[in-house]
Amino acid sequence: MSSVLKEPAKESWRCNKCDVSLELGKVNIEYMGSVFPYELLKCPKCGLVFVPEELATGKMLEVEKTLEDK
């Protein structure tokens, strides 16, 4: 599962803690012992990752259910 997030536009999101613009970068998402590389917006200072709702309730939820059924 490696993909590039199309939206939201990166200039529209800022880190609430560091007050800097989030940047698109590689993130390793881990769940139940599996690791999935993904391109997501993250804070260049503190590393906080933004997971958009459509991803969390879409593909991530689908993968979680698949792993939990195994």
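First things first, this report covers the structure right here in the doc.

Definitions and cut-offs
Residues numbered from 1 in each chain as written. Predicted model: local features only at pLDDT ≥ 70, side-chain atom pairs only at ≥ 80, totals over all residues. Heavy atoms only, no water. Helix = DSSP H or I, 4+ residues; strand = E, 2+ residues; numbered from the N terminus. Buried < 20%, exposed > 50% of the residue type's maximum accessible area, 1.4 Å probe, protein only. Contact = heavy atoms within 4.5 Å. Pairing = 2+ DSSP bridges.

**A closer look at the overall build of the protein chain**
From N to C terminus, the protein chain includes two helices and three strands. Of the regular secondary structure in the protein chain, the N- to C-terminal order runs β-β-β-α-α. Among the 70 residues that make up the protein chain, the fraction classed as buried is 26%. Sequence-distant contacts, at least 24 apart, represent 42% of the contacts inside the protein chain between residues at least 6 apart.

**Quick notes on unusual backbone geometry**
You will see that D19, though not glycine, has its phi angle at about 55 degrees, which is positive. Residue position: D19 is located in the segment before β1 (23-31). The phi dihedral of M32 is positive, around 50 degrees, even though this residue is not glycine. Residue placement: M32 occurs in the loop between β1 and β2 (34-42).

**Topic: the sheet that holds β1**
Across the sheet, three strands lie side by side as β1-β2-β3; this open sheet has antiparallel pairing. The open sheet is flanked by β1 and β3 (49-50), the only strands paired with a single partner. Both β2 and β3 contribute to a ladder of two bridges, which runs antiparallel. Note that in β3 the partner of L41 across the bridge is F50.

**A closer look at the pairing of β1**
As paired elements, β1 and β2 share nine bridges and run antiparallel to each other. Residue pairing across strands places N28 opposite P37, the latter belonging to β2. The hairpin turn running from β1 into β2, its antiparallel successor, is two residues long, and M32 in that turn takes a positive phi close to 50 degrees.

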